[in-house]
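Inside the fold
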Amino acid sequence: MTQAFRDEHQREEQPDASQEARGVQFAEPPVLEDEGVVRKPSPAAAGAVSVLETMRRSLATMGAKRTLATLSQVNQKDGFDCPSCAWPDPDSKRRMAEFCENGAKAIASEATLRRVTPEFFAAHSISELAAHSDLWLDQQGRLTHPLLRQKGSEHYQAISWEEAFSLIGRELNALASPNEAAFYTSGRTSNEAAFMYQLFVRQFGTNNLPDCSNMCHESSGLGLNETIGIGKATVKIEDFEHADSIFVIGQNPGTNHPRMLSELQKAARNGCKIVSINPLAETGLIRFKNPQEALGLLGVGSAIASLFLPVRVNGDVALLKGIMKEMLDADRKSAGTRLDHHFIAHHTENFDAFLRDLDAESWETILAESGVSRELIQQAAQIALESERMICCWAMGITQHNNGVANVQSIVNFALLRGQIGRRGAGLCPVRGHSNVQGDRTVGISEKMNENFMQALGKEFGFTPPAAHGYDVVKSIQAMHGGRVKVFLGMGGNFLSATPDTHYTAEALSRCRLTVQISTKLNRGHLVTGEQALILPCLGRTERDIQAGGEQFVSVEDTTGVVHQSRGVLEPASAELRSEPAIVAGIAQATLGARSSVPWSALVADYDRVRDHIEHVVPGFSQYNRRVREPGGFYLPNGPREGTFPTSTRRARFTVHAIPRLGLARGQLLLTTLRSHDQFNTTIYGEDDRYRGIFGTRRVVFLNAEDIRERNLSEGQWVDLVSHFPSGQRRAAHFKVVRYDIPRGCAAAYFPETNVLVAVDSVAAKSNQPAYKSIIISVETSPSAPAVG
Ligand code: SF4
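Cut-offs used in this document
Along every chain, residues carry numbers that run from 1 in the direction the sequence is written. For this predicted model, a pLDDT threshold of at least 70 governs which residues receive local features, and a threshold of 80 or more governs which side-chain atom pairs are given and counted, while totals over whole chains, interfaces and linings are taken from all residues. The side-chain numbers reported here are obtained from all heavy atoms of the structure, hydrogens and water having been left aside. Only protein atoms enter the 1 Å grid, on which a cavity is a set of points fitting a 1.4 Å probe that cannot get out and a pocket is an open set with protein on both sides within 12 Å along at least 5 of 7 lines, lining residues being those with an atom within 4 Å of a point. Grid points are joined across faces, edges and corners, and a volume is the space filled by probe spheres set on the points. Helix and strand definitions follow DSSP, with helices as H or I runs of at least four residues and strands as E runs of at least two, each counted in order from the N terminus. Gly is placed with the polar residues, together with every amino acid not listed as nonpolar (Ala, Val, Leu, Ile, Met, Phe, Trp, Tyr, Cys and Pro) or charged (Asp, Glu, Lys and Arg). Here the aromatic set is Phe, Tyr and Trp, taking the six-membered ring for Trp, and pairing holds for ring centres within 6.5 Å; pairs whose planes are under 30 degrees apart are stacked, those over 60 apart are edge-to-face, and all others are tilted. Summary of the burial criterion: residues with accessible area below 20% of their type's maximum are buried, those above 50% are exposed, and those between are partly exposed, where the area comes from a 1.4 Å probe applied to protein chains only. Definition used: whenever NZ (Lys) or CZ (Arg) falls within 6 Å of the ring centre and also within 35 degrees of the ring normal, the charge is taken to sit over that ring. What is meant by a nonpolar core is a set of buried Ala, Val, Leu, Ile, Met, Phe, Trp, Tyr and Cys residues, joined one to another through side-chain atoms within 4.5 Å. The contact definition used throughout considers only heavy atoms, calling two residues in contact when any of these lie within 4.5 Å. Polar contacts, as used here, are pairs of N or O atoms within 3.5 Å; protein pairs need one atom able to donate a hydrogen and one able to accept it. Residues neighboring in sequence count only if both atoms are side-chain atoms. Interaxial angle, 0 to 180 degrees, is taken between N-to-C directions of lines fitted to C-alpha atoms, where a helix line uses only the stretch in contact. Working definition: roughly parallel below 35 degrees, roughly antiparallel above 145 degrees, roughly perpendicular at 65 to 115 degrees, and oblique for all remaining angles. Helix crossings get a hand from a simple test, with the near helix turned counterclockwise from the far one by less than a right angle marking a left-handed crossing and a clockwise turn marking a right-handed one. Here, a salt bridge means any Lys or Arg side-chain nitrogen found within 4 Å of an Asp or Glu carboxyl oxygen. Each residue is tested against the molecule or strand, and it is near if at least one of its non-hydrogen atoms lies within 4 Å. Here, a strand pair is defined by DSSP locating no fewer than two bridges between the strands.

**Looking at the layout of surface pockets**
The computed volume of the largest pocket comes to approximately 1100 Å³. The wall of the largest pocket is formed by 36 residues, among which Asn 225, Ile 230, Gly 231, Lys 232 and Asn 450 lie closest to the centre. Those elements that provide at least two residues to the lining of the largest pocket are helix H11 (218-228), helix H23 (437-442) and helix H24 (451-461). The dominant element in the lining of the largest pocket, judged by the number of residues it contributes, is H11, at five residues. Counted by class, the lining of the largest pocket contains 11 nonpolar, 16 polar and nine charged residues. By volume, the second largest pocket is sized at about 520 Å³. Lining the second largest pocket are 28 residues, with Ala 97, Phe 99, Cys 100, Pro 291 and Gln 292 sitting closest to its centre. Elements that contribute at least two residues to the lining of the second largest pocket include exactly helix H3 (47-71), helix H4 (101-110) and helix H13 (260-269).

Right, dumping it as structure tokens:
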């Protein structure tokens, strides 16, 4: 932690002596002087290398029998859902191998044969574990027993489930107010577990339900809800093969949603134009070797993007305005025949204000702020004008900015110009990052659920849910730091690594009286704890779930709103594991006792009962238990997809957004965080990123050749990254300079290592989503040689 930063926050809120004495701090993993090799990036995504990599990792981690048992069942209609991203499965017949390399890595990581037992924790103190890398922590295997870190202890030790539940119940009931607890959810949590969890939390008396959606697509949900009346994608997977063009904006599907490349390949073969808008030309969007095809394995693969626009980091509003200005110009020159004026007149509002703003925007500003040439902008506009059916996809390159909502709504404006919503082969598609992040929100995980849901929930269970909005992720961190939240419970995920301002967040967690993590594997979040800490080990997606009523399945919702079942196939990693619904029920019973009339044990015995309640509370789930058993599940209703906008005026709304001016001082750069190919969210599977040519390290910063030269840096040199916020500077030490094809004035480095640079209060306007991709930094020569771990 930098002294400046420590001073800053200590001025704000002084930690008490006992917390200081515990010495609970976030430890940066070690850096090796000679680590890392930079080679040429892979010319194509997937292919034979990907298949070999899949088999190598799967066999090494799971063995042959488990590899076959799991990979033959993942994403099959009667199998289990991939625990990684939320990309949809085909509605039609599925192939034998319905997974990608990264899905296989996630499964191998969960189905590993290695175990982390109480003896492991007896042998390793928490500070000893903290000195290891995230990769090493993940490689130790599956957690097998509930564990307690007692006050003042340096070791976790086994505890019974009953003792763990009663400890949680005691701590929660000792709080002065239910609002002194926060209950986080990660996107792996099933619909059933999430619904029970939010019910427990609301019966306990708070809406403090932060979730990972607060960090990934909060800006999409809000931006879409305000403009089209629903915060979700409006496309089905089949739309991709009918599209004339697909704009992929601020998204790297080759690493983060790899099976999307199959749909893009099919589309490209149908003549669809794929336009990639991103600061980096990502391999997956350049060329794809489909491992499902013999030629894909052996040949050169298929070209994917027909046009690449190398937009500056956060230059998207400027770029989209440029494209729309060209479209408007073409429309005026053709007597109003190029835009869909019938759609605009009958299905939208605020078009005149939008037009006035677009007309007033100067090309000088558009070109300077987007960093894209007029010629490329014209080409993109031409593709949009020629498309009867256009899909726009995006991910966190759009949402994780201070103006993330404006970015999303600029994409909506772009789609509305030619009525590209509500018709086959067209629509909007925010691509979700974690397998059930969308479903969790649908069934009630939100700090501010809508009034209808809250009323229906109260009616179904005979109580009055709390009315006041709760804390999202950022507000939870601030509340823990300020002593207003004293108990933190995390349903899955790795809160510490996923969140911004890592040192500040670590301090926040360490100020809690109790932290509880419901987890499958060891991660850094277990090593920075409250006064007392619990780890509660749960079943993974790959595992069979046997309850009193027999074998159970759970259900999840993908990015296109398909709800389907997921049924594990492996024996649990330990006889001590419990399912997430069972853990929620145990905590609820220990906390609420007779205050709750919910039959928690009966819900756990048979998840059909949970689904019956969801059906009564959440619109769109009629006959849930019957329809979820149909092969492939069912689509939730989606007004815009079906041609109606459920806004207050029943119209989609054009919105007006200024081009952001970031005002970089001389020498400063705009840093975007990104993931490597050996990574899923905060889970690190390896230290290579072969699509970008990085091997054996994650501590690299990608810079433009001119920016390297201008700063008298050299490739391979160690530098520190220093971020600049009104609240002060933050430093991430020891990153190797890598020359890369990235727009001038921009930089990129891996998440979560660079989360230390993001001020907790640097968030998107309106959505409060952390701005991990709008970080103003300067690059300083590393003052000392890296520590050797
Ligand atoms: S695309 Fe996503 S959901 Fe599908 S197998 Fe790959 S990681 Fe899993």
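**Looking at the packing of aromatic side chains**
Taken as a whole, this structure holds 24 aromatic pairs when the rule is applied. Ring plane angle 85° and centroid distance 5.3 Å describe the contact between Phe 120 and Phe 121, whose orientation is recorded as edge-to-face. One exposure class covers both Phe 120 and Phe 121, and it is buried. Ring geometry for Tyr 624 and Phe 634: centres 6.0 Å apart, planes at 80°, overall edge-to-face. In this pair, Tyr 624 is assigned in helix H31 (residues 624-627) and Phe 634 in strand E23 (residues 634-635), connecting sequence segments 10 residues apart. When its relative accessible area of 0% is taken as the criterion, Tyr 624 is described as buried. Through a chain of ring-to-ring contacts, three or more aromatic side chains come together here, namely Phe 120, Phe 121, Trp 136 and Tyr 156. Sitting over the ring of Trp 363, Arg 374 keeps its end group 3.7 Å from the ring centre. The ring centre of Phe 553 lies 4.0 Å from the NZ or CZ of Arg 611, which sits over that ring.

**So, unusual backbone geometry**
Omega for the bond connecting Phe 751 with Pro 752 falls within 30 degrees of zero, at 5°, which places this linkage in the cis form. Position of Pro 752 among the secondary structure elements: in the loop between strand E32 (746-750) and strand E33 (775-781). The phi dihedral of Asn 350 is positive, around 70°, even though this residue is not glycine. For Asn 350, the location among the structural elements is in the loop between strand E13 (348-349) and helix H18 (351-360). The class of Asn 350 is partly exposed, set by a relative accessible area of 27%. One non-glycine residue, Asp 501, lies in the positive phi region at around 50°. Position of Asp 501 relative to the elements: it lies in the loop between helix H26 (495-498) and helix H27 (502-510).

**Things to note about the nonpolar core**
Counting 59 residues, the largest nonpolar core has Phe 183, Phe 200, Leu 534, Leu 536 and Trp 600 as its most contacted members. The biggest single contributor to this core is helix H9 (residues 191-204), with eight residues. Apart from the residues lying within four places of it in its own chain, the contact partners of Phe 200 are Leu 172, Phe 183, Val 584, Ile 587, Ala 588, Thr 591, Leu 592 and Trp 600. Counting 53 residues, the second largest nonpolar core, distinct from the first, contains Ile 228, Met 327, Ile 344 and Met 390.

**Quick notes on helix H25 (residues 473-481)**
In terms of burial, H25 is largely enclosed, as seven of its nine residues are buried. By the N-cap criterion, in which a side-chain oxygen at the helix start approaches the backbone nitrogen of a residue two or three places on, H25 is capped by Asp 472, the distance to Val 474 being 3.3 Å.

**A short note on the packing of H25 against H27**
H27 packs onto H25 with a crossing angle of 60° between their chain directions and a minimal axis gap of 7 Å. The angle between H25 and H27 falls in the class oblique. Between H25 and H27 the crossing geometry is left-handed. The residues of H27 that touch H25, namely those facing Ile 477, Gln 478, Met 480 and His 481, are Tyr 504, Thr 505, Glu 507, Ala 508 and Leu 509.

**Quick notes on the pattern of salt bridges**
If you walk through the whole model with that rule in mind, you get 49 salt bridges. With a closest N to O distance of 3.3 Å, Arg 653 and Glu 349 form a salt bridge. Here Arg 653, found in strand E24 (residues 652-653), pairs with Glu 349, found in strand E13; they are 304 residues apart in sequence, far enough to count as distant. Glu 349 sits in the partly exposed class, given a relative accessible area of 22%. Between Glu 630 and Arg 626 there is a salt bridge, and its shortest N-O distance comes to 2.5 Å. Residue class for Glu 630 comes out partly exposed when judged on its relative accessible area of 33%. A single salt-bridge network, built from bridges that share partners, covers Glu 101, Lys 105, Asp 678 and Arg 690.

**Observations regarding empty space enclosed by the protein**
Think of a ball as big as a water molecule: rolled over the atoms, this probe shows where empty space is left. Tallied over the entire structure, the rule returns seven cavities of 30 Å³ or more. Approximately 730 Å³ is the volume attributed to the largest cavity. Lining the largest cavity are 38 residues, with His 434, Gly 493, Asn 681, Thr 682 and Thr 683 positioned closest to its centre. Looking at the lining of the largest cavity, the elements with two or more residues in it are H4, helix H7 (134-139), helix H10 (213-216), strand E17 (514-519) and strand E27 (683-684). The residue inventory of the lining of the largest cavity, partitioned by class, reads 17 nonpolar, 14 polar and seven charged.

**Structural notes on the side chain of Arg 698**
Within the secondary structure, Arg 698 sits in the loop between strand E28 (694-695) and strand E29 (700-703). The buried category is assigned to Arg 698, whose relative accessible area is 5%. Among residues more than four places away in sequence, those in contact with Arg 698 are Ser 676, Gln 679, Ile 684, Gly 686, Glu 687, Tyr 750, Phe 751, Pro 752 and Glu 753.

**Comments concerning the site of the ligand**
Within the structure, the ligand sits among Asn 75, Cys 82, Ser 84, Cys 85, Phe 99, Cys 100, Gly 103, Pro 258 and Arg 259. Among the residues making up the shell around the ligand, the classes are represented as five nonpolar, three polar and one charged.

**As for the sheet that holds strand E15 (residues 427-430)**
For sheets, the rule is that strands pair by backbone hydrogen bonds, running either parallel or antiparallel. Spatially, five strands are ordered E12-E9-E8-E14-E15 in an open sheet, and the strand pairing comes out parallel. In this open sheet, the two edge strands, each paired with only one partner strand, are strand E12 (307-309) and E15. For this sheet, the mean angle separating the axes of adjacent strands, direction not counted, is 15°. Relative to E15, strand E14 (residues 390-394) is paired through four bridges, and the arrangement is parallel. Residue pairing in the sheet places Ile 391 in a bridge with Gly 427 of E15.

**Details of the environment of Ser 597**
Residue position: Ser 597 is located in the loop between helix H28 (580-592) and helix H29 (600-605). Its relative accessible area of 64% is what places Ser 597 among the exposed residues. Separated by 135 residues in the primary sequence, Ser 597 and Gly 462 place their C-alpha atoms 8.3 Å from one another.

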